Amino acid sequence: LGFIFGPAMRYTTLVSCFTSFCKDFIFFGGGYVFPQVLSETVTLGTSPAVALLMGVLLELPGITLVLGFDRVMDRRPTIVVILATLTTCMLAFVFGGSHKLGGGWFEY
């Protein structure tokens, strides 16, 4: 562990841990928790399975967009754009799910 968290590898180790956390959060959050949260807290008028299918289908334009970013930007700025977009989407999901109809945006 001294080598991994040593001065030469500390940044690489921390970035790898953060990237792995983000990947797992997105994968397990979308595949396991997303249908459960939708069934308990958000009313979409569809079943959680249909909502999950819609989410999977909406990933396809996102993947295409990321491949386009990869052609015009370097790897690191592309990852920053992806993580910023995912953070925005996760926050919109959290705050949108707790938003009550008829109230203002800041009434939670």
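Calculation notes
- Residues numbered from 1 in each chain as written.
- Predicted model: local features only at pLDDT ≥ 70, side-chain atom pairs only at ≥ 80, totals over all residues.
- Heavy atoms only, no water.
- Helix = DSSP H or I, 4+ residues; strand = E, 2+ residues; numbered from the N terminus.
- Buried < 20%, exposed > 50% of the residue type's maximum accessible area, 1.4 Å probe, protein only.
- Contact = heavy atoms within 4.5 Å.
- Areas by Shrake-Rupley, 256 points an atom, 1.4 Å probe, with all protein chains shown as cover.
- Patch = residues over 30% accessible without salt bridge, like charges linked within 9 Å, V, L, I, M, F, W, Y side chains within 5 Å.
- Salt bridge = Lys/Arg side-chain N within 4 Å of Asp/Glu carboxyl O.
- 1 Å grid on protein atoms, 1.4 Å probe; cavity = no way out; pocket = protein on both sides within 12 Å on 5 of 7 lines; lining within 4 Å.
- Points joined across faces, edges and corners; volume = space filled by probe spheres on them.
- Nonpolar A, V, L, I, M, F, W, Y, C, P; charged D, E, K, R; others polar.
- Phe/Tyr/Trp six-rings, centres within 6.5 Å; stacked < 30°, edge-to-face > 60°.
- pLDDT = per-residue confidence, 0-100.
- Polar contact = N/O pair within 3.5 Å; in protein donor to acceptor, adjacent residues only side chain to side chain.

A look at the overall build of the chain
For step 1, the next point in the chain: Secondary structure assignment for the chain yields three helices and zero strands.
For step 2, the next point in the chain: The buried share of the chain, taken over its 108 residues, is 6%.
For step 3, the next point in the chain: Across the chain, every contact between residues at least 6 apart in sequence was considered, and the portion connecting residues at least 24 apart equals 29%.
For step 4, the next point in the chain: As displayed, the chain has an accessible area near 8900 Å², and 73% of this comes from carbon and sulfur atoms.

Structural notes on a nonpolar patch on the surface
For step 1, the next point in the chain: Taken together, the side chains of Leu1, Phe3, Ile4, Phe5 and Leu14 define a hydrophobic patch exposed on the protein surface, amounting to about 580 Å² of accessible area.
For step 2, the next point in the chain: On the secondary structure map, phenylalanine 5 appears in the segment before helix H1 (10-41).
For step 3, the next point in the chain: Judged by relative accessible area, which is 42%, phenylalanine 5 ranks as partly exposed.

Focus: the layout of surface pockets
For step 1, the next point in the chain: By volume, the second largest pocket is sized at about 330 Å³.
For step 2, the next point in the chain: At six residues, the largest contribution of residues to the lining of the second largest pocket is made by H1.
For step 3, the next point in the chain: Of the residues contributing to the lining of the second largest pocket, the split by class is six nonpolar, three polar and two charged.

Structural notes on the packing of aromatic side chains
For step 1, the next point in the chain: With the rule as written, the count across this model stands at one aromatic pair.
For step 2, the next point in the chain: Ring centres 6.0 Å apart and planes at 25 degrees place the aromatic pair phenylalanine 21 and phenylalanine 25 in the stacked group. Highlighted residues: phenylalanine 21 and phenylalanine 25, both in helix H1, separated by four residues, approximately one helical turn.
For step 3, the next point in the chain: Taking relative accessible area as the criterion, phenylalanine 21 reaches 51% and is therefore assigned exposed.
For step 4, the next point in the chain: Here phenylalanine 25 falls in the partly exposed class, since its relative accessible area comes to 44%.

A word on the confidence of the model for the chain
For step 1, the next point in the chain: Confidence along the chain averages 75 in pLDDT terms, with 70% of residues attaining 70 or more.
For step 2, the next point in the chain: Segment residues 103-108: pLDDT under 50, and five contacts once partners within four positions in sequence are set aside and those in other chains are kept.

Describing the side chain of threonine 13
For step 1, the next point in the chain: For threonine 13, the position within the fold is in helix H1.
For step 2, the next point in the chain: Of the polar contacts made by the side chain of threonine 13, one reaches the backbone oxygen of methionine 9; its length is 2.8 Å.
For step 3, the next point in the chain: Ignoring any residue separated from it by four or fewer positions in sequence, one finds threonine 13 in contact with Ile4 and Phe5.

Re the side chain of threonine 78
For step 1, the next point in the chain: Its place among the elements puts threonine 78 in helix H3 (residues 75-98).
For step 2, the next point in the chain: Residue threonine 78 is classed as buried on the basis of its relative accessible area of 5%.
For step 3, the next point in the chain: The residues touching threonine 78, leaving out its near neighbours within four places in the chain, are Val66, Phe69, Asp70 and Met73.

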